[in-house]
Amino acid sequence: MWLRRAFFRWLLPAAFVLPLWLLVGWGVFQAGGWAFVWVLFIAIPSVLVGQLLLTLLTRSRPSVRAERAVSWWDVLGFTIWHALTIAVGFFIDGAFGWLLTCAILAAIGLFWLQLWQLWNEARGSGARIRETITWSRVESAAPPTTAHDVIVIRERDERE
């Protein structure tokens, strides 16, 4: 359980640490001039937005919020994606393209995994969905009304 809770706490900082690692990795491993443009304008924004989106999808599940821990599927998926993202940051000649492709595929797979888990948890009933997004059923505060007697007074009938 401690590992699942650690991943729960790691998700938000990862959105900033992983893109920073790509920038540091470019500087340390001297990836070349055009790689800096790729890192700055494509890699950093996509990892940042992707991680924030995946974090939002993960934390929107009722079970994750209740336990404050991710599922084991989440641990597996995020471990693979984060490990591949870190490996991309080493800019290894010959393996860079493969690592990048695998990291992109892992991110897409993790996105669908999050949607699948969210769908399975929200599939139950409408009340469960309302609890998921913290809506509550509003009961009428007014007391129940009783039928009153209605008296109709006609002043004059035109036909007479």
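Residues numbered from 1 in each chain as written. Predicted model: local features only at pLDDT ≥ 70, side-chain atom pairs only at ≥ 80, totals over all residues. Heavy atoms only, no water.

**Q** Would you explain the overall build of the protein in this entry?
**A** Looking only at helices and strands, the protein features six helices and zero strands. The helix and strand sequence of the protein, counted from the amino end, reads α-α-α-α-α-α. In the protein, 75% of the contacts between residues at least 6 apart in sequence involve partners at least 24 apart. Carbon together with sulfur atoms contributes 69% to the accessible area of the protein, which is approximately 11300 Å² in total. (Helix = DSSP H or I, 4+ residues; strand = E, 2+ residues; numbered from the N terminus. Contact = heavy atoms within 4.5 Å. Areas by Shrake-Rupley, 256 points an atom, 1.4 Å probe, with all protein chains shown as cover.)

**Q** I would appreciate a short explanation of the side chain of Q51 in the present structure.
**A** Tracing the backbone shows Q51 in helix 2 (residues 33-59). Judged by its relative accessible area of 0%, Q51 is buried. Discounting chain neighbours no more than four positions away, the residues touching Q51 are L11, A14, A15, L18, F78, W81 and H82. (Buried < 20%, exposed > 50% of the residue type's maximum accessible area, 1.4 Å probe, protein only.)

**Q** Teacher, can you tell me more about the pattern of salt bridges here?
**A** Should the charged atoms of two oppositely charged side chains come close, the side chains can pair. This structure, assessed with the given rule, holds three salt bridges. Where R61 meets D74, a salt bridge forms, and the shortest distance between an N and an O atom there is 2.5 Å. You can see R61 sitting in the loop between helix 2 and helix 3 (62-67) and its partner D74 sitting in helix 4 (residues 72-88), a full 13 residues away along the chain. Just as R61 is buried, D74 falls in that class too. (Salt bridge = Lys/Arg side-chain N within 4 Å of Asp/Glu carboxyl O.)

**Q** For this particular structure, what's the right way to read helix 4?
**A** Given 3.6 residues per turn, any residue in an α-helix points the same way as the ones three and four places further on. With 17 residues, helix 4 extends 24 Å from end C-alpha to end C-alpha; this agrees with the ideal 24 Å at 1.5 Å per step. Looking only at helix 4, the buried set comprises D74, V75, G77, F78, W81, H82, L84, T85, A87 and V88. Elements in contact with the buried residues of helix 4: helix 1 (2-29), helix 2, helix 3 and helix 5 (96-122). (Expected span 1.5 Å × (residues − 1).)

**Q** When you look at the packing of aromatic side chains in this model, what are you seeing that I'm missing?
**A** The description of two aromatic rings rests on the distance between their centres and on the angle between their planes. By the definition in use, this model includes eight aromatic pairs. Both rings, one in F91 and one in F96, keep their centres 5.5 Å apart while their planes meet at 15°; by these two values the pair is stacked. When its relative accessible area of 11% is taken as the criterion, F91 is described as buried. Residue class for F96 comes out partly exposed when judged on its relative accessible area of 24%. Clustering of aromatic rings is evident, with ring pairs tying together W21, F29 and F90. It is R59 that lies over the ring of F8; its NZ or CZ is 4.1 Å from the centre. (Phe/Tyr/Trp six-rings, centres within 6.5 Å; stacked < 30°, edge-to-face > 60°. Lys NZ or Arg CZ within 6 Å of the ring centre and 35° of its normal.)

**Q** Can you walk me through the packing of helix 1 against helix 2 in this structure?
**A** Relative to each other, helix 1 and helix 2 sit at 175°, their axes nearing to 9 Å. Accordingly, the angle class assigned to the pair helix 1 and helix 2 is roughly antiparallel. Between helix 1, through F8, R9, L11, L12, A14, A15, F16, L18, P19, L22, L23 and W26, and helix 2, the contact on the second element is made entirely by A35, F36, V39, A43, I44, V47, L48, Q51, L52, T55, T58 and R59. (Axes fitted to C-alpha atoms, helices over the stretch in contact; angles between N-to-C directions. Parallel < 35°, antiparallel > 145°, perpendicular 65-115°, else oblique.)

**Q** Looking at this structure, how should I read the packing of helix 2 against helix 5?
**A** What describes two packed helices is the angle between their axes and the distance between those same axes. Two elements in contact, helix 2 and helix 5, have axes whose closest approach is 9 Å; the angle formed by their N-to-C orientations is 25°. Between helix 2 and helix 5, the angle is such that the two are roughly parallel. For the crossing formed where helix 2 meets helix 5, the hand is left-handed. Contact residues: helix 2 offers W38, L53, L54, L57 and T58, while helix 5 offers F96, L100, L110, F111, Q114, L115 and L118. Residues belonging to the contact of helix 2 with helix 5 are distributed by class as follows: 10 nonpolar, two polar and no charged. (Left-handed = near helix turned anticlockwise from the far one by under 90°. Nonpolar A, V, L, I, M, F, W, Y, C, P; charged D, E, K, R; others polar.)

**Q** What's the story with the nonpolar core in this structure? I'm lost.
**A** Side chains that are nonpolar tend, in soluble globular proteins, to be buried together. Grouped together as the largest cluster of nonpolar side chains are 25 residues, with contacts concentrated most on L22, V70, F78, W81 and L110. Looking at this core, the elements with two or more residues in it are helix 1, helix 2, helix 4 and helix 5. (Core = buried A, V, L, I, M, F, W, Y, C linked by side-chain atoms within 4.5 Å.)

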